[in-house]
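What follows is the residue order along each chain.
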Amino acid sequence: MDIVDRLAKERRARLGAERLLEQKQRELFAANEKLALHARALSEQIVEQRHMTKAAVSEAQMLKGQNSRFITDLEAAHTSAVMAERRLRDSVNALHDGFAVFDDKHRLLVANRAYLSPYADYNIGPGTPYREILKLTAEEGMVNLGEESPAEWVERMLARWDNDPIPHETVQTTNGQWLRLVDRRARDGDMVCVALNTTQQMRIWAALEAIPDGFVLFDREERLLACNQRYKEIYPESAALMTPGISYEQILRAGVTAGVYADAAGREEAWIEERIGQPLTGPIVREQELTDGRWLRVLEQPTPDGGRVGLRVDITHQKEQQAALDEARKAAEAANRAKSAFLANMSHEIRTPMNGVVGMAELLCDTGLTEEQRLFAETIRSSGEALLVIINDILDYSKIEAERLTLHPEPFDLERLIHEVAMLLQPSARERGLDLMIDYDLFLPTRFVGDVGRLRQVLTNLVGNAVKFTEEGHVLIRIVGLENDPGSQQLHISVEDTGIGIPADQLEHVFGEFNQVESAANRKFEGTGLGLAISKSLIERMDGSVWVDSELGQGSCFGFRLQLPIAEDQSAPPDPVLLRRALVVDDQFINRTILERQLLTCGMQVTLCRSAAEVIAELARDRDYDVLITDHEMPEMNGVQLAEKLRETGYNIPIVLFSSNPAVAREGSENAQLSAVLQKPLLRSELYRRLRGLTAPPPAPRPKPPQTAAHRAMRVLAAEDNRTNQLVFHKMVKDLQIDLSFADNGREAVEMFADLQPDLIFMDISMPEMDGKEAARAIREREIGTDSHVPIIALTAHAMDGDDTSILASGIDKYLTKPLRKTAITAALVAHCPVDAWPVVDPEDAQSEVA
Ligand code: ADP
């Protein structure tokens, strides 16, 4: 049993195991099936996964690439951020101005080098409280605290940060720098601080404060940018307003309202208008008077940006000085005029006795004298005349100075005037062997309106100087003109000489009063040095100008320009010259050309020769000349000798000789048979007259008028208080057939007038009791109702001007200037001799005497 059982058991167990196996096999199969399904799905999945992984891998790879680029960029960005920060730090550190940032607890976050530099030796850095920095600054004496204690200063500076906005603060460091603290709270509570170094501006500003004048600067909108303290002090009334930003107009208005500006009174708005609204185009300088008596000089200048900068200088003191100077100048001028008037009066007084000296000496010379006595008398006369010239100069000069000189324009003949001046100086020129020539522009009119007396004076001075300062050669007076306005001529009159000349540096000097060239060559000439000063003043009075040109040792040329109206020429046109051909001889080139032009203008043909020999040769070649015009003074053979030679050879051509000394030429020249002897320099009209005379038959000699018993002597009354002058006058007319009476003063003259019925009255002007002018007026009154008019000739001692107008106004016809000359008196007597009286002198003599 056991075994069966064991077998059955075993079989059952086996069967059970077999079934279980079967079951398991089935399950396994199913599971296998499932698994296969799964596996398939899985493999599908895996394939898919693999695909996906591949894609993911490539995507990851792509991302990885991108990522690494991103990282590089990030790194670059980081580097440049670091760089930028460094640069920023460097830049901030490079700033001259201090820069710092504090956090909201007022602890330092960051600061640049400039900010930290004063604290280099202290432990200041991020985290240091602001208070500590201030304390250190104050206690270590880094800034000027002024009146404050370090603690006060620290507290004040801290308290400053409680304001909004925080006011700026300027501190001065003890090493002379100026810092302007500009602090601002940021939105996050940080405090951003800047310490601007304003040392340069402060220096400029300190300088502007230091200048003594007011300084002001406006912008282009005319708003105040800055002004110094001085500017405010100058205008205290508007000083309170003067803060930056205020307009120029507001400042002006404040001043105007306060009545500060003297010239604004009564026209305030217009005054302001003139000063604002117009841009400044250039610098202006003006003076401003303030109502409190101060004077300012206002200088304004545009600035490059369109603003204006101005200075105000207080010139009150200068103004006062100027006023004082003006006063002093006026006083000095008055004194000077008084001095001149005194001088004028004095020279006038001196002249009167001098006339006696000169007149008497002249008379003395006419008496029988020994050689020695004659020499003495001549010397007295010439010295007296020289003295009179000097006195006249002083008188003229003082008259000009005293402003008592007036001009008396009248029609006159300029050519004749120049001729007369030349004639007057001819004797001195002749003495030195000088040629005195006139070149008067042929197309220039001769009659003008001007003060002939004064022109004569100027010409006499210039020609006189030329003769005086020339040892040899010539003096040439040249007159040209330009008609720039119809009816008047711009005249150029020059006097050229070949004398000692004037050094260039003295040319202006010679026109000064009492000025002469200082040189040994000049010292031997006499003179006062007044002539040119007077001439210059006179010409300038006539609105002309004087000039000089000179070369030392070569000669001088003095001249003047003058505009003169042309006077109507009433004279009838002259008869034509009928001669055809003229032969002219002169060794002087200038004279030859002048003559040539003069002859050509009257229609003649002219042949010029340089010497007598040339004339002889020319006449041998061609005899067909109508006239020979010859100079007297020629080297080798002179004019007279030439004429004699020609006469000897049988030539009968008319010969006209011109000479600087006609008397000498005439003497013993009978053989020369001269048709005319003319005075050099030649007056054009005189030359033409003579040439015309050569064609006309000589006039029949005038029979001498018989001195019948029916005739009477000319009655002459002379009023003169001075005995010497009476004597001189008397002696001068002693050879004349006149009936002369003297009155001692004006009153006597008037009384004598009625009884005497004089044909002519000579009237001294200054006389006691009744002067000449009064007497003349009284006589004219007495003549009213009668048809008589006695000629009255005044005798004046170079009267002060203004006088001559009043002289003529008083009824005087004419005046003669003292010293009295025999010729002038004789001429006056001849001119006024009535028909029923004996001739004063033989008419023939009178011509030569008066000419
Ligand atoms: P005065 O002749 O009386 O000295 P002026 O005023 O006429 O006074 O002249 C002043 C000075 O000018 C003269 O002294 C002389 O030195 C100089 N001068 C004038 N004219 C001439 C001239 N033609 N040649 C040289 N020097 C002259």
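Going by the structure above, here's the rest.
If you're wondering where the values come from, they're calculated on a predicted model, not measured in any experiment.

Visitor: Can you help me understand helix α16 (residues 589–601) in this one?
Guide: In an α-helix there are 3.6 residues to a turn, and that puts residues three or four apart on one side. The end-to-end C-alpha separation of α16 is 19 Å, in line with the 18 Å expected for 13 residues at 1.5 Å each. Within α16, the full set of buried residues consists of I590, N591, R592, I594, L595, Q598 and L599. Looking one or two places after α16, you find G603, whose phi comes out positive at around 80 degrees.

Visitor: Even after reading the chapter, I still don't get unusual backbone geometry, so can you show me in this structure?
Guide: Generally, phi is negative for residues other than glycine and the peptide bonds are trans, each holding for most cases. Between D164 and the following residue, P165, the backbone shows a cis peptide bond with an omega angle of -5 degrees. Take P165: it is sitting in the loop between α4 (150–160) and β3 (169–172). Of note in this structure, D543 is not a glycine but carries a positive phi near 65 degrees. The residue D543 is located in the loop between α15 (531–541) and β16 (545–551) in this model. Look at E769: it is not a glycine, yet its phi comes out positive at around 65 degrees. Looking at where E769 falls in the secondary structure, it is placed in the loop between β25 (760–764) and α23 (772–783). The exposed category is assigned to E769, whose relative accessible area is 59%.

Visitor: Could you clarify how one ought to interpret the nonpolar core in this entry?
Guide: Burial of nonpolar side chains together is a common tendency in soluble globular proteins. Within the largest apolar cluster, 49 residues are counted, with the highest numbers of intra-cluster contacts made by L414, L455, V463, I479 and F560. Broken down by element, this core gets its largest block of residues, eight residues, from helix α13 (residues 452–468). Ignoring sequence-local partners within four residues, the contact set of I479 consists of L414, I418, I438, D439, Y440, D441, L444, H492 and I493. Formed by 26 residues, the second largest nonpolar core is a distinct cluster that contains A100, L134, L136 and M157.

Visitor: For this particular structure, what's the right way to read the pattern of salt bridges?
Guide: When the charged atoms of two side chains lie near each other, side chains of opposite charge can form a pair. The final tally for this structure, using the stated rule, is 47 salt bridges. For R275, the salt bridge goes to E274, with nearest N and O atoms at 3.5 Å. For R275, a relative accessible area of 12% corresponds to the buried category. Under the relative-accessibility criterion, E274 is labelled partly exposed at 43%. Of the charged contacts, one joins E378 and R381 as a salt bridge, the two residues approaching to 3.0 Å between their closest N and O atoms. You can see E378 and its partner R381 sitting in helix α11 (residues 371–401), three residues apart, about one turn around the helix.

Visitor: Where do I start with the side chain of T128 in this structure?
Guide: Counting through the fold element by element, T128 comes out in the loop between α2 (113–116) and α3 (130–139). T128 gets classed as buried once you look at its relative accessible area, which sits at 8%. Among the polar contacts made by the side chain of T128, one reaches the main-chain carbonyl oxygen of G125 at a distance of 2.7 Å. Ignoring any residue separated from it by four or fewer positions in sequence, one finds T128 in contact with F102, H106, R107, L108, N123 and I133.

Visitor: What is the right way to look at the packing of aromatic side chains in this model?
Guide: Here the distance between the centres and the angle between the planes together describe a pair of aromatic rings. This structure, assessed with the given rule, holds eleven aromatic pairs. Consider the rings of F102 and Y130, whose centres lie 5.1 Å apart with planes at 65 degrees: the pair is edge-to-face. With F102 in strand β1 (residues 98–102) and Y130 in helix α3, this pair connects stretches of sequence that are 28 residues apart. For F102, a relative accessible area of 0% puts it in the buried group. Both rings, one in F102 and one in W161, keep their centres 5.4 Å apart while their planes meet at 70 degrees; by these two values the pair is edge-to-face.

Visitor: Please clarify how the sheet that holds strand β23 (residues 714–719) should be interpreted in this entry.
Guide: Each strand in a sheet pairs with another by means of backbone hydrogen bonds, the pair being arranged parallel or else antiparallel. With parallel pairing, five strands are arranged side by side in an open sheet as β24-β23-β25-β26-β27. Edge strands, defined here as strands with exactly one partner in the open sheet, are β24 (738–743) and β27 (814–817). Each neighbouring strand pair of the sheet contributes to a mean axis angle of 20 degrees, computed without reference to strand direction. Two elements, strand β26 (residues 792–796) and β27, share four bridges in a ladder whose sense is parallel.

Visitor: How should I be thinking about the sheet that holds strand β19 (residues 605–609) in this particular structure?
Guide: Reading across from one edge, β19-β18-β20-β21-β22 is the order of the five strands in this open sheet, with parallel pairing throughout. Each edge of the open sheet is held by one strand with a lone partner, namely β19 and β22 (676–679). Taking the axes of each pair of neighbouring strands and ignoring which way they run, one obtains an average angle of 20 degrees across the sheet. In this structure, strand β18 (residues 581–585) lies alongside β19, joined through five bridges in parallel fashion. Paired with V584 across the strands is L608, a residue of β19.

Visitor: What is the right way to look at α11 in this model?
Guide: Compared with an ideal rise of 1.5 Å per residue, which puts 31 residues at 45 Å, α11 spans 45 Å between its outermost C-alpha atoms and is within 8% of the ideal. Taken as a whole, α11 has its buried residues at A377, G384, L388, I391, D393, L395, D396, Y397, S398, K399 and I400. Where the residues of α11 are buried, they touch α10 (316–365), α13 and α15. E403 occupies a position one or two residues after α11 and carries a positive phi of about 55 degrees.

Procedures and definitions
Residues numbered from 1 in each chain as written. Predicted model: local features only at pLDDT ≥ 70, side-chain atom pairs only at ≥ 80, totals over all residues. Heavy atoms only, no water. Helix = DSSP H or I, 4+ residues; strand = E, 2+ residues; numbered from the N terminus. Expected span 1.5 Å × (residues − 1). Buried < 20%, exposed > 50% of the residue type's maximum accessible area, 1.4 Å probe, protein only. Core = buried A, V, L, I, M, F, W, Y, C linked by side-chain atoms within 4.5 Å. Contact = heavy atoms within 4.5 Å. Salt bridge = Lys/Arg side-chain N within 4 Å of Asp/Glu carboxyl O. Polar contact = N/O pair within 3.5 Å; in protein donor to acceptor, adjacent residues only side chain to side chain. Phe/Tyr/Trp six-rings, centres within 6.5 Å; stacked < 30°, edge-to-face > 60°. Pairing = 2+ DSSP bridges. Axes fitted to C-alpha atoms, helices over the stretch in contact; angles between N-to-C directions.

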